[in-house]
Amino acid sequence: MELFSELYGCYYQTVKKILKKARLGISEQEMKTISDKTAFTESSFYILPKLLHGNWNLLTKKEKLYYSKTKKDTPCYLTTLQKMFIKSLLNDRKIKLFLTDNQIQEIKEQLHDIEPLFSADDFHYFDQFKGGDPYEDTLYIKHFRIIHKAICEHKCLNILYKNNITMQLYLPKYLEYSAKDDKFRLYAIRLGKKESNHQVILNLALIKEVQQSNHCIQELFSKDSFRWEKVTFFIFNERNALERCTLQFSSYKKQIRYLEDKNCYECTMYYDKTDEKEIVIRLLSFGPLIQIIAPDNFVGIIKKRVLKQHRLLTL
């Protein structure tokens, strides 16, 4: 059973955009362009004939342009299943990071007669560390919202972190959630003198104070400007290893290609140096289903860990 109805998929969105544009007049070529961008390349062969000559009867032609017969935006109604899913999200501990109490209450009132699709008790996290972030703490929520807003607006922040005595200036780039640790981390550029700017990773729970800054910088830092380590390994086509591996490392940027001559997949994954120990442990958990091939220093780390484990088992 699909969670979100196909009714509101890419075809629906394509027709919706075409009708909106057609209020002021739209050409056949413009309709094809919208279809190619919103749906699939071949979708225009199905959608346009229905709009132009079929029985949908949504457009009228005047000279060389087509005009919409609808006067208002096409509404998007939620299915019962979608409402059940949203009702479940309202019970998530992290929901207050994104919605205010008034917004949550308003949605609950609108969904008062809807049963949740699932509850937190339906899930058992067998490999998640205890002691996650305090998502319901008022100060934590305040810090999260200030940081999130600064990221969206590309603004700098003054942050007092952990054992620091004074605030320091940061340019926040993005937030990352770790399902394994149940924590949020902030990737940012700590700003000092130009030659001393460098990337840092801050645990949100360890931030003691956050203030908006009026500081402006000319240089723009993108997410790709961070210096990442990378590891390349083979994933052998056995025991559903590819799906398991991509799920395990879903939060990491990666490139995967199939090697037909070896009947395996080659994966290059990018990570922060501070996560290296965790990456090693996770890769080792796959045993003979993967093979590390680069870089040499990472291969050396894996060999050292395997030899150590062998010695412990043979004592």
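Residues numbered from 1 in each chain as written. Predicted model: local features only at pLDDT ≥ 70, side-chain atom pairs only at ≥ 80, totals over all residues. Heavy atoms only, no water.

## Remarks on the pairing of strand β5 (residues 183-190)
Here comes step 1: Most of β5 sits inside the fold, with 6 of its 8 residues counted as buried.
Here comes step 2: Of the pairings in the sheet, the one linking strand β4 (residues 168-178) to β5 comprises 8 bridges and is antiparallel in character. Bridge pairing in β5 places Y170 opposite R190.
Here comes step 3: The loop that links β4 with its antiparallel partner β5 comprises 4 residues; one of these, D182, has a positive phi angle of about 55°.
Here comes step 4: Sheet analysis places β5 next to strand β6 (residues 198-203), joined by 6 bridges and oriented antiparallel. From the neighbouring strand, L186 faces β6, where its bridge partner is L202. (Buried < 20%, exposed > 50% of the residue type's maximum accessible area, 1.4 Å probe, protein only. Helix = DSSP H or I, 4+ residues; strand = E, 2+ residues; numbered from the N terminus. Pairing = 2+ DSSP bridges.)

## Side note on the pattern of salt bridges
Here comes step 1: Under the definition given, this model contains 8 salt bridges.
Here comes step 2: One salt bridge connects E278 with R282, and the closest N-O pair in it is separated by 3.0 Å. Note that E278 and R282 are positioned in helix α8 (residues 276-284) at a spacing of 4 residues, about one turn of the helix.
Here comes step 3: The buried category is assigned to R282, whose relative accessible area is 10%. (Salt bridge = Lys/Arg side-chain N within 4 Å of Asp/Glu carboxyl O.)

## Some thoughts on the sheet that holds strand β8 (residues 229-236)
Sheets are built from strands that pair by backbone hydrogen bonding, the pairs being arranged parallel or antiparallel.
Here comes step 1: Judged by pairing direction, the sheet is antiparallel, and its 4 strands sit side by side in the order β9-β10-β8-β11 without closing on themselves. The sheet is open, and its two borders are formed by β9 (254-259) and β11 (290-294), each paired with just one other strand. On average, adjacent strands in this sheet sit at an angle of 25° to one another, irrespective of strand direction.
Here comes step 2: As defined by bridge partners, β8 adjoins β11 across 4 bridges and the pair is classed as antiparallel. The partner of F233 across the bridge, within β11, is I292.
Here comes step 3: Against the sheet, α8 engages β8, β10 (264-271) and β11, with an angle of about 160° to β10.
Here comes step 4: Sitting on the sheet, helix α9 (residues 296-313) is in contact with β8, β10 and β11, with an inclination near 140° to β11. (Axes fitted to C-alpha atoms, helices over the stretch in contact; angles between N-to-C directions. Contact = heavy atoms within 4.5 Å.)

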